[in-house]
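Analysis of the macromolecular model
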Amino acid sequence: MCDLFVLSAGKNYSAPKSLPLFARQASKNLDGWGIGYFKKYNAYVEKSAEQAYVADRIHDAFQRLARVVNSRVILCHVRLQTSGPVDECHAHPFSLEFAGHNWLFAHNGRAPAVEAYRTSGSPIEGAQSDSARTFEFLRDRISSYLHSPPRILPTLFEAIRQSTAQLIEEYPGDYNYLLTNGWVLFAFTNHRQFLILKRSKKLEGGLMLTTLARGLSDERWLRLAKSTNKRGLLLMISGTDVIFRQAL
Amino acid sequence: MCDIFALSAGYNYTAQHYLPVFAEKARENMSGWGIGFFRDGQTLVEKSSEQVFIGDQVHESFQRLARVIDSRIIVSHISCPRSGGRHSAHNNPFALSFLDHIWLFVNVSKRKEIGEYQTANEPRLESDVYAARIFEYLRDQILDQVEKYPYASLYGTLRESIRHLLSDYPGLYTFFLANESVLFGFSNYRRLQLLKKTESLGDILLITSVRERLSPEEWLTINPDVNSPGKLLAVAGPDVLHYGDI
């Protein structure tokens, strides 16, 4: 199963401690890695089909990027292939431009049903995985929500909440995803869990979130998961704060 | 009647056009002005007790600041005589440090009893005006909530704090509360007008209490319903993230 990590802060941060720890603790994921970040308002991705952690060592480029990448949001994914081939193109995060922003998206979980989805917009070139189709589905529905009149005041949270509800209704599956435009981060879970920590004394400042069951340190990580009688949990994070959360 | 203004963008923006227009449209407020913004992890406030609009011109310093300040979030306040003293220290915005942020607060409200409020927390605001007491009250409530529910959402925490404010000190409130990442706007009183606008570097969002629009474009109006306890919105970058009754 893939794993996700994100660092969100109110100012630019690097993650030289937490990113290598994440790679090490998620070392069962053998099929690639990716780091997404923002410079000004543009999204950038560095990714690879190689293992992030091999023979007790962090991948050289991963280690260097962990020291150098500097951004208010740093998103990382390590991949265990369940859909699509193992290559750089299928490593996450994916990037798409819509609703006036560059967005980054990373997904964990199996959702074979969504592989049948065909976007009416631009597909993610070359990518054939459930994750790529999930991102296209969300892009299409979010754009449609924000542009369909008449709405007095369309909000981003409602656009993403409704789009995610449609996704799990039309294409049931396991979805943990992170979706960010650089100043707001949406985190959705309907399987496994998210662990979050603020004000770490051992790692970087800011707010950290991961799918790893024990977090990245022996500090008091808070476990968040969907309630058994709900379809999922959606968090909206900006800077170091959870701004809003709602069960689906 | 005082007026407030806020700008939010996904990048550092200079409001050299909109701040002077705001000053001009709020020209009847003759008792001072203030601008608050964020830079390199710091929260900065420039304020004055002088009129923002003198003769036919926007105050020179206000004009120059509008050209120079660049920030993802900018808030401004233009004071009417009823808002308090004539010293610049009494003018909005006010800044307080809590929850790992230095927050900015600008307010237009009608409530005198809040002036009696005595905070038990530090730091205290020296200024003897209602806005300072409202800000301290909200800070105290937010801290109480966070102690009880450390990982509750900030929107939910602020909503609960405003409910307490309206219960303890019923009245009419319109304010903006911002940290370096997110801007909250609340009103159960004045109409707020919003405009999302595309600029060369990306979109920006403008919000103001000024009755007249700041530009000829179609502004959205948030009008607190008679039966609503008030509307609370959260903004980051150029987007309204969430919006609802409190």
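The structure this text deals with has already been given above.
The structure contained in this document is the topic of the report that follows. (Residues numbered from 1 in each chain as written. Chains lettered and ligands numbered in written order. Predicted model: local features only at pLDDT ≥ 70, side-chain atom pairs only at ≥ 80, totals over all residues.)

Secondary structure summary: chain B contains four helices and 15 strands in total. In terms of overall dimensions, chain B is globule-like: its C-alpha atoms have a radius of gyration of 17 Å, near the 18 Å expected for 246 residues. Each of the three principal axes of chain B carries a C-alpha extent, and together these read 50 × 40 × 40 Å. Within the span of chain B, comprising 246 residues, buried residues form 50% of the whole. Across chain B, contacts joining residues at least 24 apart in sequence account for 67% of those joining residues at least 6 apart. (Helix = DSSP H or I, 4+ residues; strand = E, 2+ residues; numbered from the N terminus. Rg over C-alpha atoms; globule rule 2.2 N^0.38 Å. Buried ≥ 20, exposed ≤ 12 C-beta atoms within 10 Å, placed from the backbone. Contact = placed C-beta atoms within 7 Å.)

Residue and element names in this part refer to chain A. One open sheet accounts for seven strands, arranged β3-β2-β6-β1-β12-β11-β13; its pairing is antiparallel. Only two strands of the sheet have a single partner each, and these edge strands are β3 (42-48) and β13 (222-224). Taking each pair of neighbouring strands and ignoring which way they run, the sheet shows an average axis angle of 15 degrees. Here helix α1 (residues 18-25) sits on the sheet and contacts β1 (3-13), β2 (33-39), β6 (71-78) and β12 (207-210); the angle it forms with β6, its principal contact strand, is near 15 degrees. (Pairing = 2+ DSSP bridges. Axes fitted to C-alpha atoms, helices over the stretch in contact; angles between N-to-C directions.)

Residue and element names in this part refer to chain A. Contact pair helix α3 (residues 130-147) / helix α4 (residues 156-170): the axes reach a minimum separation of 9 Å and the direction vectors enclose 130 degrees. Classified by the angle their axes make, α3 and α4 are oblique. Of the two elements, α3 crosses α4, and the hand of that crossing is right-handed. Residue-level contacts link Thr-134, Phe-137, Leu-138, Arg-141, Ile-142, Tyr-145 and Leu-146 of α3 to Ala-159, Ile-160, Gln-162, Ser-163, Gln-166 and Leu-167 of α4. Residue composition of the contact of α3 with α4, by class: eight nonpolar, four polar and one charged. (Parallel < 35°, antiparallel > 145°, perpendicular 65-115°, else oblique. Left-handed = near helix turned anticlockwise from the far one by under 90°. Nonpolar A, V, L, I, M, F, W, Y, C, P; charged D, E, K, R; others polar.)

With that settled, consider unusual backbone geometry. When glycine is set aside, most residues are seen to have a negative phi, and most peptide bonds are trans. Across the junction of His-92 of chain A and Pro-93 of chain A, the peptide omega takes the value -5 degrees, indicating a cis bond. Relative to the assigned elements, Pro-93 of chain A resides in the loop between β6 and β7 (94-98). The omega torsion across Glu-122 of chain B and Pro-123 of chain B is -5 degrees, close enough to zero to call that bond cis. Within the secondary structure layout, Pro-123 of chain B lies in the loop between β8 (101-110) and α3 (130-148). Within the chain, Ala-55 of chain A stands out as a residue other than glycine whose phi angle is a positive 50 degrees. With respect to the helices and strands, Ala-55 of chain A occurs in the loop between β4 (53-54) and β5 (57-58).

All names here are of chain B. Within strand β15 (residues 239-245), five of the seven residues are buried, leaving the element largely enclosed by the surrounding structure. Sheet analysis places strand β14 (residues 231-236) next to β15, joined by six bridges and oriented antiparallel. Counted as the bridge partner of Val-235 is Val-240 from β15. Linking two consecutive strands that pair antiparallel, namely β14 and β15, is a turn of two residues; a positive phi of about 55 degrees is found at Gly-237 within it.

All names here are of chain B. Put simply, α3 and helix α4 (residues 154-168) touch, their axes get as near as 9 Å, and they point 125 degrees apart. Relative to α4, the element α3 lies oblique. In the crossing of α3 with α4, the sense of the turn from one axis to the other is right-handed. Along the contact surface, α3 presents Tyr-137, Leu-138, Gln-141, Ile-142, Gln-145 and Val-146, while α4 presents Thr-157, Leu-158, Glu-160, Ser-161, His-164 and Leu-165. Looking at the contact of α3 with α4 residue by residue, the class counts come to six nonpolar, five polar and one charged.

Residues and elements named next belong to chain B. Of note, Tyr-189 is situated in the loop between β10 (183-187) and β11 (192-199). The spatial distance from the C-alpha of Tyr-189 to the C-alpha of Gly-41 is 32 Å, given a sequence separation of 148 residues. Sequence-distant contacts of Tyr-189, that is, excluding residues within four places in its chain, are made with Lys-110, Leu-172, Tyr-173, Thr-174 and Pro-224.

All names here are of chain A. Here α3 contains 18 residues, and its C-alpha end-to-end distance of 26 Å stays within 8% of the 26 Å for a straight helix at 1.5 Å per residue. Residues of α3 that are buried: Asp-130, Ser-131, Ala-132, Arg-133, Thr-134, Phe-135, Glu-136, Phe-137, Leu-138, Arg-139, Ile-142 and Tyr-145. Elements that come into contact with the buried residues of α3 comprise β7, β8 (101-108), α4 and β9 (176-180). (Expected span 1.5 Å × (residues − 1).)

Residue and element names in this part refer to chain A. If you walk across this open sheet you meet the six strands as β7-β8-β9-β10-β14-β15, and the pairing is antiparallel. If you trace the sheet from one side to the other, it starts and ends with β7 and β15 (241-247), each paired once. Within this sheet the neighbouring strands show an average axis-to-axis angle of 20 degrees, counted without direction. Summarising the sheet, β7 and β8 pair through five bridges and their orientation is antiparallel. Across the sheet, the residue bridging to Phe-94 is Phe-105, located in β8. Its contacts with the sheet put α4 on β10 (185-189), β14 (233-238) and β15, and the angle it makes with β14 is roughly 150 degrees.

On to the interface of chain B and chain A, then. Each partner contributes to the interface: chain B provides 25 residues, whereas chain A provides 25 residues. Elements represented by at least two residues in the side of chain B that touches chain A include exactly β1 (3-13), α4, β12 (202-208), β13 (220-222), β14 and β15 of chain B. At five residues, β15 of chain B tops the list of elements feeding residues into the side of chain B that touches chain A. Residues of the side of chain B that touches chain A, tallied by class, amount to twelve nonpolar, nine polar and four charged.

Our focus in this paragraph is the environment of Phe-135 of chain A. Residue and element names in this part refer to chain A. Relative to the assigned elements, Phe-135 resides in helix α3. Taking the C-beta count within 10 Å as the criterion, Phe-135 has 28 such neighbours and is therefore assigned buried. Separated by 39 residues in the primary sequence, Phe-135 and Leu-96 have C-alpha atoms spaced 8.4 Å apart. Not counting residues up to four positions away in its chain, the partners in contact with Phe-135 are Phe-94, Leu-96, Phe-105 and Ile-124.

All right, on to the environment of Glu-24 of chain B then. Residues and elements named next belong to chain B. Summarising the element assignment, Glu-24 is placed in helix α1 (residues 18-25). Taking C-alpha positions, Glu-24 is 8.2 Å from Gln-57, a pair spaced 33 residues apart along the chain. Discounting chain neighbours no more than four positions away, the residues touching Glu-24 are Phe-53 and Val-58.

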